[in-house]
Amino acid sequence: MSEPQAYLNGEIIPQSQARLAVSDLGIVYGAAVTEMVRTFQQRPFMLDEHLQRLESALDYACIDTPMSRSELKQICLSLVEQNASLLSTEQDLGLTIFITAGQNLPYLGLAALEQCRTPTVCAHTFPLAFELWDQKYTSGQYLIRSEVEQLNPRVFDPRVKSRSRIHLFRADKLIRKQVPAASALLFDEQGYVAETTIGNFFLVQDRTILTPRPEYVLQGISQMMVARLAKQLGLDYVETDISEEMLLQADEALTSSSGYCLMPVTRYNDHFLSEGKPGPVYQQMIAAWSQEVGVDIVTQAQQIGAARRDKLS
């Protein structure tokens, strides 16, 4: 096998052949839910938690559950094992799963009614692009307040991870017109911090980790890991409303996401956090995370990221 494989609607096929029809509701309406799982030592991390969240999203989005969790889990494990064999042992994968509502009936007509009732299921992998974030473990992230607001929960539950994410795309695009190296930080309609376009947000104040109320942000799997590690390290963990003033007065700020795990925020707008460098709680947390998964997360990213940039230069 020389090409990564993908799963699409009951078949394992070469990834280059995994394509959606233009009539798929994932394209027509953005009617799709999704998960992105990363591996450590080429084994999926917190896969069960991701699949549980996927099931909840399917239920909320009124998309039929196409198979059991155990069946989908086996597909994921098999796909990771096959595709990891194409990588060197020090590299890791991202695994994406998405399920759409199926085909669009007005495009295909009643003759395709049964086909239109059948969800599209796809899973594929990709080598983690460490070069996109490896330097931020030491320099930190630069976040700017976005004019794009967080999803209103009366319209669509922000706890659900869907493919309908045009507002997040727009948020980062607008920010990067101002500062190409920055990313967007979204606030909700009440003026409280919500999340970034790819991750959950945290403040550190007096060895307490604060994060927005769960009903207003994505139910992050990496966020669950932050809560677990906080308890192990003897830190308080509080879900609460976070104002911009609290952000400006915080000792540290962090974000979490499946790909990079945990990242410091060293600048917000024109304000530097933790004197513009990663703070001590971040250092404790990323070290504990690395110990938990048996991989030095920062070293792995920096070594592979540097090698890829050298290859491109």
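What you see is a predicted model, and the numbers here were worked out from it, not measured in a lab. (Residues numbered from 1 in each chain as written. Predicted model: local features only at pLDDT ≥ 70, side-chain atom pairs only at ≥ 80, totals over all residues. Heavy atoms only, no water.)

Q: What's the story with the overall build of the chain in this structure? I'm lost.
A: A tally of helices and strands in the chain yields 11 helices and 15 strands. For 313 residues, the compact-globule estimate of 2.2 N^0.38 gives 20 Å, and the C-alpha radius of gyration of the chain, at 20 Å, lies within 12% of that figure. Expressed as lengths along the three principal axes of its C-alpha atoms, the size of the chain is roughly 65 × 45 × 40 Å. Each of the 313 residues in the chain was classed as buried or not, and the buried ones make up 50%. Long-range pairs, those at least 24 residues apart, make up 71% of the contacts in the chain between residues at least 6 apart in sequence. Accessible surface computed for the chain: about 15100 Å², of which carbon and sulfur atoms make up 51%. (Helix = DSSP H or I, 4+ residues; strand = E, 2+ residues; numbered from the N terminus. Rg over C-alpha atoms; globule rule 2.2 N^0.38 Å. Buried < 20%, exposed > 50% of the residue type's maximum accessible area, 1.4 Å probe, protein only. Contact = heavy atoms within 4.5 Å. Areas by Shrake-Rupley, 256 points an atom, 1.4 Å probe, with all protein chains shown as cover.)

Q: Mind showing me how you'd approach the side chain of Ser258 here?
A: Within the secondary structure, Ser258 is located in the loop between β13 (252-257) and β14 (261-268). Apart from the residues lying within four places of it in its own chain, the contact partners of Ser258 are Met36, Arg38, His50 and Ser222.

Q: In this structure, what is going on with the domain arrangement of the chain? I would like to understand it.
A: Note: interface size is frequently given as the accessible area lost on complex formation between the parts. The domain boundaries assigned to the chain delineate domain 1 (5-128) and domain 2 (134-301). Here the C-alpha centre of domain 2 lies 26 Å away from the C-alpha centre of domain 1. Both faces combined, the contact of domain 1 with domain 2 buries some 2000 Å², and carbon together with sulfur accounts for 60% of it. Considering only the side of domain 1, the residues that lose the most area to domain 2 are Phe40, Arg53 and Tyr60, jointly responsible for 30% of the buried surface there. Across the domain 1-domain 2 interface, the total number found is zero salt bridges. Taken together, the links from domain 1 to domain 2 amount to 13 residue pairs in polar contact (both at pLDDT 80 or more). Elements with a minimum of two residues in the side of domain 1 that touches domain 2: β3 (32-40), α2 (47-60) and β5 (93-100). Looking at the side of domain 1 that touches domain 2 element by element, the count peaks at seven residues for β3. (Domains from an automatic or database assignment. Buried area = accessible area lost by both parts, 1.4 Å probe. Salt bridge = Lys/Arg side-chain N within 4 Å of Asp/Glu carboxyl O. Polar contact = N/O pair within 3.5 Å; in protein donor to acceptor, adjacent residues only side chain to side chain.)

Q: Got a minute to help me understand the environment of Asp48 in this structure?
A: Within the secondary structure layout, Asp48 lies in helix α2. Each C-alpha atom, one on Asp48 and one on Thr197, is 24 Å from the other, the two residues being 149 residues apart in sequence. Within the structure, Asp48 has its side chain in polar contact with the side chain of Lys73 (distance 3.0 Å).

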